[in-house]
Structure formats: structure tokens, C-alpha cells
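Descriptive structure summary
Here's the letter readout for the chains.
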Amino acid sequence: MSLPPWRTPLARALHRNRSLPNARYLQLATIDLQGYPANRTVVFRGWHDPNSQLQFVTDVRSAKTTQILHNPQAEACWYFPKTREQFRIRGYLELIDSRSERLCQRASLSDRLAEHRQQAWQQLSPKARPQFSWPVPGQARTEDAPFATDESSDFTIPSDNFGLLLLLPDRVDHLELRGEPQHRCLYELLDDHWSTIAINP
């Protein structure tokens, strides 16, 4: 399967901004249960091919899990400061957690879901993995909250609180702020193919 046309400019932006640690940070907006946008910063964790899904990780106890299960529609906004480019990526979110792995095994399906989640877990830094055993995100903090790392814990197996989050794009709006006039291109998934059209900035 060929890559969608927006992958090339996005890969180029990532490469040209690779010296900036924050170039892998982007904003991901979901819709909360009251219909309001809920936005947060996430870290790009690579591609989940062949569908060119963007990978992130999340604590499944966070509010975004309920939001995604209620409405998987989402949009990411990714700005690259060095090249002055913005990508707005709209699509649908899919959560892979320990429950989805068990459902997969029960249905005698492929074990690829478990493999992808395990790989994402192993790619986390040793300091990041213990955070998934911390108290529930977003709840009131107590003085005796156990945030310390338990050195005896086995972090080779993904925590049940660890989820792999995939964003499957159906529209990508690419704006290049350099140049007069600025250049803007809209990519949209129509049926099984991507359309590409230059639009006004």
C-alpha cells in the first residue's frame, strides 16, 4: 500500500526540526461528554503502518479514554517552529489496552495488537513506565499519594493502565507560513483514495 501524500511533507518537517526536542510534541483534541473540546499535549511515538496511523501512549484511567469511547473523532495540531509549518490532522482514535488484547485473544484473532502495545511499552524510558502505577490522573491529590517508584516492580510487562493510542487521519491541512503568499494544502480521504488541493492560506 502506498503512503498517503501528506506523509512526505510531514516526514520532511520532522526531519528538518529533529534538533528541537519539542518538535515531537503536538496538541490532541477530543470531545468531552458535555460536547466541549478537550485539548492536551501528547508525544508522537511513530507510525503504525500500513494505515499511516499516528501513535501516542496514554494512561487508560485518564478522562480522554471515556471521551474516545464515547466519540472517537479527534483532531491534532502540530506546529514545527524551525520551518514554520502547521499540520492539522483530523481523524478517528483507536485505543489498544489490556482489555482489547484479551478480546482479541478470545476471538482467536491475530496477536498483533499485543505486539504493538508491547513494543510501545518497551520504547518508553525507564522513568516513564512507573508513572502508569501512580494514582489515578485527574483525581484530588493526597499527601500520602504513592508517587515513588517501587524498585522491586517488574516493568517488562505493560501495566494494565498503559494504552497505545492510534490516530487514523481522514483529513490533513498543511500550512507553510514562510513565503509570500503562504502555501496551504488540503488532503482529504475520499472513499479509498486521497485528494490533494491547494487552498488559500
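Right, let's walk through the structure included here.

Helix and strand counts for the chain stand at 4 helices and 9 strands. Counting helices and strands in the order they occur from the N terminus, the chain gives α-β-β-β-β-α-β-β-α-α-β-β-β. Principal-axis analysis of the C-alpha atoms places the extent of the chain at approximately 60 × 45 × 35 Å. Out of the 201 residues in the chain, the part that is buried amounts to 39%. With an accessible surface of roughly 12,200 Å², the chain has 50% of that area assigned to carbon and sulfur atoms. Averaged over its 24 positive side-chain charges, the chain has a centre that lies 6 Å from the centre of its 23 negative ones.

A word on the packing of aromatic side chains. By the definition in use, this model includes 10 aromatic pairs. Summarising the aromatic geometry, the rings of Phe-44 and Trp-47 are spaced 5.2 Å apart at their centres and angled 70° between planes, so their arrangement reads as edge-to-face. For Phe-44, a relative accessible area of 3% gives the class buried. Looking at Trp-47, the relative accessible area reads 23%, which means it is partly exposed. Site record: aromatic cluster; members linked through ring pairs are Trp-6, Phe-44, Trp-47, Trp-78, Phe-80, Phe-87 and Trp-194. Its end group placed over the ring of Trp-47, Arg-7 keeps NZ or CZ at 3.9 Å from the ring centre.

Right, let's talk about the layout of surface pockets for a bit. In this model, the largest pocket occupies a volume close to 520 Å³. Lining the largest pocket we find 26 residues, and of these Asp-59, Gln-131, Phe-132, Trp-134 and Pro-137 sit closest to its centre. Counting residues per element, the ones that place at least two in the lining of the largest pocket are strand 2 (37-43) and strand 4 (53-59). Looking at the lining of the largest pocket element by element, the count peaks at 4 residues for strand 2.

We now examine the pairing of strand 4. Here is the key point about a regular strand: its side chains alternate between the two faces of the sheet. Most of strand 4 is tucked away, with 7 of its 7 residues classed as buried. The pairing of strand 3 (residues 47-48) with strand 4 spans 2 bridges and is classified as antiparallel. Within strand 4, the residue paired with Trp-47 across the bridge is Leu-54. If you look at the hairpin formed by strand 3 and strand 4, you'll find 4 residues sitting between the two strands, and Ser-52 has a positive phi there, around 55°. Sheet topology note: the strand 4/strand 7 (residues 162-176) ladder contains 6 bridges and is antiparallel. What sits directly across from Leu-54, in strand 7, is Leu-167.

Listing the buried residues of helix 4 (residues 112-122) in full gives Arg-117, Ala-120 and Trp-121. For helix 4, the angular spread of buried residues about the axis comes to 100°, placing them on one side.

Glancing now at the side chain of Asp-32. Position of Asp-32 among the secondary structure elements: in the loop between strand 1 (25-31) and strand 2. Although buried, Asp-32 forms no salt bridge, and the nearest oppositely charged side chain, Arg-40, lies 8.5 Å from it. Here Gln-34 takes part through its backbone nitrogen, which lies 2.9 Å from a polar atom of the side chain of Asp-32. A polar contact of 2.8 Å, which involves the side chain of Asp-32, links it to the backbone nitrogen of Tyr-36.

Turning next to a positive patch on the surface. On the surface, Arg-12, Arg-16, Arg-84 and Arg-178 cluster together into a positively charged patch. By secondary structure assignment, the location of Arg-84 is in the loop between strand 5 (73-80) and strand 6 (85-96).

Thresholds applied
Throughout, residues of each chain are indexed from 1 in the direction in which the sequence is written. Whole-chain, interface and lining totals are the exception, using all residues; otherwise, since this is a predicted model, local features are given only for residues with pLDDT of at least 70 and side-chain atom pairs are given and counted only at 80 or more. Only heavy atoms go into the side-chain values, all of them from the structure, while hydrogens and water stay out. Strands here mean DSSP runs of E at least two residues long; helices mean DSSP runs of H or I at least four residues long; both are numbered from the N terminus. Burial classes: relative accessible area under 20% of the type maximum marks a residue as buried, over 50% as exposed, and values in between as partly exposed (1.4 Å probe, protein chains only). Only the protein chains shown count as cover for residues, with accessible areas throughout obtained via the Shrake-Rupley method and a probe of 1.4 Å. Positive charges come from Lys and Arg, negative ones from Asp and Glu, while His and the chain ends are left out of the count. All charge positions are set by atom: Lys at NZ, Arg at CZ, Asp at CG, Glu at CD. The aromatic pairing rule takes the rings of Phe, Tyr and Trp, using the six-membered ring of Trp, and pairs them if the centres are within 6.5 Å, calling planes under 30 degrees apart stacked, those over 60 edge-to-face and the rest tilted. To sit over a ring, a charge needs its Lys NZ or Arg CZ within 6 Å of the ring centre and within 35 degrees of the ring normal. A pocket here means an open set of points on a 1 Å grid, computed over the protein atoms alone, that has protein on both sides within 12 Å along at least five of seven lines. A cavity is instead a set of points where a 1.4 Å probe fits but cannot get out; residues with an atom within 4 Å of a point line either one. Grid points are joined across faces, edges and corners, and a volume is the space filled by probe spheres set on the points. Whether two strands pair depends on DSSP finding at least two bridges between them. The arc under discussion is defined with respect to the helix axis, by the directions toward the C-beta atoms. Throughout this description, the term salt bridge denotes a Lys or Arg side-chain nitrogen within 4 Å of a carboxyl oxygen of Asp or Glu. Pairs of N or O atoms within 3.5 Å make up the polar contacts considered here, provided that, within protein, one atom can donate a hydrogen while the other can accept it, and that residues adjacent in sequence are counted only when both atoms are side-chain atoms. Exposure above 30% relative accessible area and no salt bridge define the residues that can form patches, which grow by joining like charges within 9 Å and nonpolar side chains of Val, Leu, Ile, Met, Phe, Trp and Tyr within 5 Å.

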